[in-house]
Each structure stands twice: as structure tokens, then as C-alpha cells.
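Below, each chain spelled out in residue letters.
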Amino acid sequence: MKKHASAYVTLLLLPVLCGLALGACGKAAPGNGDAPPASDAPTETVGEDGVKLSNDASDFVLLSEAVPDVILEIRYYSTYNFVGDRIDGYEEPVALLTKEAAAALKEVSDEMIAKGCRLKIYDAYRPQKAVTNFMNWALDAEDTRMKAYFYPDLEKDVLFPQGYIAEHSGHSRGSTVDLTLFDMNTEKELDMGGTFDFFGEISHPDYTDITEEQYANRMLLREVMLKHGFKPLAEEWWHFTLADEPYPDTYFTFPVNSDSVKK
Ligand SMILES: [Zn+2]
């Protein structure tokens, strides 16, 4: 969401916490002789603001196939998100990522499974249409139905000017994921001292007015993600992008559904 949200044109303590027996923790390119109608062929366009848009999902995979141990809680398919509705472009409660990002996340998952934790995914690839949905919502001052849960300390009209919502999101490039750790022993998420998509300083990973255990849990997530090639975001403890992302300049537009990546 935020930070990462156009006018869319044409388009340690830690081992204890997390396990150690103790506990806490596309479309394919058309085949020969099987060419789809021209209208279905992958296309690239350039938005009014100069951003490169693409509907080519051929390098994307279904995260539940690439990393079968993940738990999916796709908030923008649900109504429990800062908007309060299902978000445009989320057609199934699935997660898509580039194959490079999914492979790195598999390494993260395998390491955490050995420590007693699974990865819980809130969001992954996010279509540009969804980001545009966020923008339109941000500009509608009247709709504050989820304020109490996600932005109780902010007036809605600052969300866009202050950068909480933006015209484009790194998630649309396909190599960014929002996640937390789920402790297989307690069958609960690790306590991160803050909740996904909360708009405020408490979401900054280095926020210190939380308990030592909460801070350690954030650092556990951060360290394992960085170890396997992701980079963090200063404003959101749950958000990571593959540092060597394969499409650093392309924002994708195909919807979130399993058909998008069927070969
Ligand atoms: Zn994010």
C-alpha cells in the first residue's frame, strides 16, 4: 500500500522465539502454432507520467507453488484493509511474484521452517489498477470507515501529501512482498509491536518504544530477509524488495489471479 501506491493511463532471543524445538517460532510466451489473438499478446505501454507499464506475466509464478509452506492472508482481496473493500485487480486470494523473488523467498521460508516459523504473506505483486484504487480512495475525504484500525492518529487528507499513498508502488514491479512470521508452536504470529498497514511511526522497523521482544521479532524477520537478498523499507517493518529485482523500471498491470501465470 502506501509509499509504494496516476493517473493510470491507458492502460536473538530469537532462536527461542522462533523455534528450536522449543518453540516460538502468465502468461507464457505463445507456443508454436498456438498464438493467441493479438489482443491477448503481452504488451508494453508508457503511462502519461512516463512510467513503463506491462501486462506480461510470463516471468511470474504463483507463490503457493513456489513456496508451498507460506500462509496467505491476502488483505487486499479481503475487506480487512485500510480501504475496507476488496481492492481493484485482486481477483483471487493468491500471491504472485517474479520467479527470482519467489526463489529467494523459498530460501527464507526454508530457514524459518527449521526454526519453527512459517511466513505469513499479506501482499506480493500488486497490479497498477490496485494502486490507482488506493489513490482514488485517498482523494475521497469522506470515506474514513477504517480510520480507527489503520490511521487513527492521522487525518485522511495527509495520506497522499505525506507519502503514505503514492501513484506507483514497488509492489507493482513484482519483486516486493509484505509479510510477518507465524510461530508453528503457538500457532500465532510473532508479536511485532505493530500491525500490518498501520499508518504511523510505530510501523518503522527501528521504532524503539516497543518491548525488547517485539523489537527482536522485527529484527529476526529483517535479518533473514536481508540474508537472502531482500532490502527493507524504513517506514514499514513488513515490507521487503528483492535488492536485485529483475524489473526495476516496469510496473505490471495483469490482475492477481492464478490464470495470469498459467502456462
Ligand atoms: Zn509493502
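The structure presented is a predicted model; accordingly, all values stated were derived computationally and were not measured.

## Considerations on the pairing of strand β6 (residues 117-123)
Alright, step 1. Counting buried positions along β6 gives five out of seven residues, so the element sits mostly inside the fold.
Alright, step 2. As paired elements, strand β4 (residues 71-72) and β6 share two bridges and run parallel to each other. Its bridge partner being in β6, Ile 71 is matched across the sheet by Lys 120.

## Some details on the confidence of the model for the protein
Alright, step 1. Of all residues in the protein, 85% attain a pLDDT of 70 or more, and the chain-wide mean is 88.
Alright, step 2. Of the regions scoring below 50 in pLDDT, residues 2-17 engages in 54 contacts with residues more than four places distant in sequence or in other chains.

## So, the environment of Leu 242
Alright, step 1. Counting through the fold element by element, Leu 242 comes out in strand β10 (residues 236-242).
Alright, step 2. Look at Leu 242 and you get buried, because 25 C-beta atoms sit within 10 Å.
Alright, step 3. Spatially, the C-alpha atom of Leu 242 lies 9.5 Å from that of Ala 102, the residues being 140 residues apart in sequence.

## As for the sheet that holds strand β11 (residues 250-252)
Alright, step 1. With respect to topology, three strands assemble into an open sheet ordered β1-β2-β11, the strand pairing being mixed. Two strands in the sheet have a free side with no partner beyond their single neighbour: β1 (44-46) and β11. With direction set aside, neighbouring strand axes in the sheet form an average angle of 35°.
Alright, step 2. Note that β1 and strand β2 (residues 52-54) share three bridges and pair antiparallel. Note on β2: the bridge partner recorded for Thr 45 is Leu 53.

## Describing unusual backbone geometry
Alright, step 1. Positive phi, close to 60°, is recorded for Glu 187, a residue that is not glycine.
Alright, step 2. Topologically, Glu 187 is positioned in the loop between β7 (176-183) and β8 (188-189).

## Concerning helix α4 (residues 128-138)
Alright, step 1. In terms of burial, α4 is a largely internal element, nine of the 11 residues being buried.
Alright, step 2. Every buried residue of α4 is accounted for by Gln 128, Ala 130, Val 131, Thr 132, Asn 133, Phe 134, Met 135, Trp 137 and Ala 138.
Alright, step 3. In this fold, the buried residues of α4 make contact with β2 and β11.

## Brief notes about the nonpolar core
Alright, step 1. One finds Leu 63, Leu 96, Leu 97, Ile 121 and Leu 181 to be the most contacted residues of the largest nonpolar core, which totals 65 residues.
Alright, step 2. Contacts of Leu 97, omitting those with residues within four sequence positions, involve Phe 60, Val 61, Leu 63, Ala 102, Leu 105, Ala 124, Tyr 125, Gly 174, Ser 175 and Val 177.

## With respect to the environment of Gly 194
Alright, step 1. Tracing the backbone through its elements, the reader meets Gly 194 in the loop between β8 and α6 (212-227).
Alright, step 2. Linking Gly 194 and Gln 214, residues 20 residues apart in sequence, is a C-alpha distance of 8.6 Å.
Alright, step 3. For Gly 194, the residues in contact, after removing those within four places along its chain, are Ile 202, Ser 203 and Trp 237.

Definitions and limits used
Every chain begins its residue count from 1, and numbering advances along the sequence as written. At least 70 in pLDDT is required for a residue's local features to be given in this predicted model, at least 80 for side-chain atom pairs to be given and counted, and no such filter applies to totals for whole chains, interfaces and linings, which use all residues. Once C-beta atoms are placed from the backbone, each residue is buried if 20 or more other C-beta atoms lie within 10 Å of its own, exposed if 12 or fewer, and partly exposed for counts between those two. Each helix corresponds to a stretch of at least 4 residues labelled H or I by DSSP, and each strand to a stretch of at least 2 residues labelled E; elements are numbered beginning at the N terminus. Note: two strands are recorded as paired if DSSP finds a minimum of 2 bridges between them. Each residue carries a pLDDT score, the predictor's own confidence in it, on a scale running from 0 to 100. What counts as a contact is two residues whose backbone-derived C-beta atoms lie within 7 Å of each other. Orientation is described by axes fitted as lines to C-alpha atoms, over the contacting stretch for helices, and by angles from 0 to 180 degrees between their N-to-C directions. A set of buried residues drawn from Ala, Val, Leu, Ile, Met, Phe, Trp, Tyr and Cys, joined through C-beta atoms within 7 Å, is what defines a nonpolar core.

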